[in-house]
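The lines below spell out each chain.
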Amino acid sequence: MWFVGIGRMGGAAAQAEELAAQLRRAECDAGAHEADMAVFERDHADIDTRVERLEAELSALRQRRIEAYARWWNAREDRDRSLHIARRLRRRLERTRRRLRYLEGYAGG
């Protein structure tokens, strides 16, 4: 820039003007970026709030899943216990019926 203008003073003035213009452009760019940052900060806060809400919901759903599985497991255990008791009662009933038939045959014979 030293070669622009007439003499050293003219070159310095032109250089100062160019620097002032660059400074204005840089400050304008900084302001635009600052505005963008404000938008991005609001978006980030909104997304962060939503993530926290979804994580809480996910935690609650995981707890419900565990509880549902525990209820299913307990029902399965109760079913198996009931089936076991039913098998034992069925065998006892068959033995009783066989004895009854035997006694009826013995008494009738």
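Residues numbered from 1 in each chain as written. Predicted model: local features only at pLDDT ≥ 70, side-chain atom pairs only at ≥ 80, totals over all residues. Heavy atoms only, no water.

Chemist: Describe the overall build of the protein chain, naming the residues involved and giving the relevant values.
Modeler: When helices and strands are tallied, the protein chain shows one helix and zero strands. Taken across its 109 residues, the protein chain has 2% of its residues classed as buried. Total accessible area on the protein chain is roughly 10,300 Å²; 58% of this is exposed by carbon and sulfur atoms. (Helix = DSSP H or I, 4+ residues; strand = E, 2+ residues; numbered from the N terminus. Buried < 20%, exposed > 50% of the residue type's maximum accessible area, 1.4 Å probe, protein only. Areas by Shrake-Rupley, 256 points an atom, 1.4 Å probe, with all protein chains shown as cover.)

Chemist: Break down the packing of aromatic side chains for me, with residues and values.
Modeler: Both the distance between ring centres and the angle between the ring planes are used here to describe each pair of aromatic rings. For the coordinates displayed, the defined rule picks out four aromatic pairs. With a centroid separation of 6.2 Å and an interplanar angle of 55 degrees, the aromatic rings of Trp72 and Trp73 are classed as tilted. For Trp73, a relative accessible area of 33% translates into the label partly exposed. Ring-pair connections join several aromatic residues into one group, and the members of that group are Tyr69, Trp72 and Trp73. One cation-aromatic arrangement involves Arg76 over Trp73; the distance from NZ or CZ to the ring centre is 4.7 Å. (Phe/Tyr/Trp six-rings, centres within 6.5 Å; stacked < 30°, edge-to-face > 60°. Lys NZ or Arg CZ within 6 Å of the ring centre and 35° of its normal.)

Chemist: Pulling in residues and values, what's your account of a nonpolar patch on the surface?
Modeler: A contiguous nonpolar surface patch, about 360 Å² in accessible area, is contributed by Tyr69, Trp72 and Trp73. Mapped onto the elements of the fold, Trp72 is located in helix α1 (residues 7-108). (Patch = residues over 30% accessible without salt bridge, like charges linked within 9 Å, V, L, I, M, F, W, Y side chains within 5 Å. Salt bridge = Lys/Arg side-chain N within 4 Å of Asp/Glu carboxyl O.)

Chemist: For a positive patch on the surface, give the residues involved together with the corresponding values.
Modeler: Positive charge collects at one region of the surface, where Arg87, Arg88, Arg90, Arg91, Arg92, Arg95, Arg98, Arg99 and Arg101 lie side by side. A relative accessible area of 52% places Arg99 in the exposed class. (Lys, Arg positive; Asp, Glu negative; His and termini not counted. Charge placed at Lys NZ, Arg CZ, Asp CG, Glu CD.)

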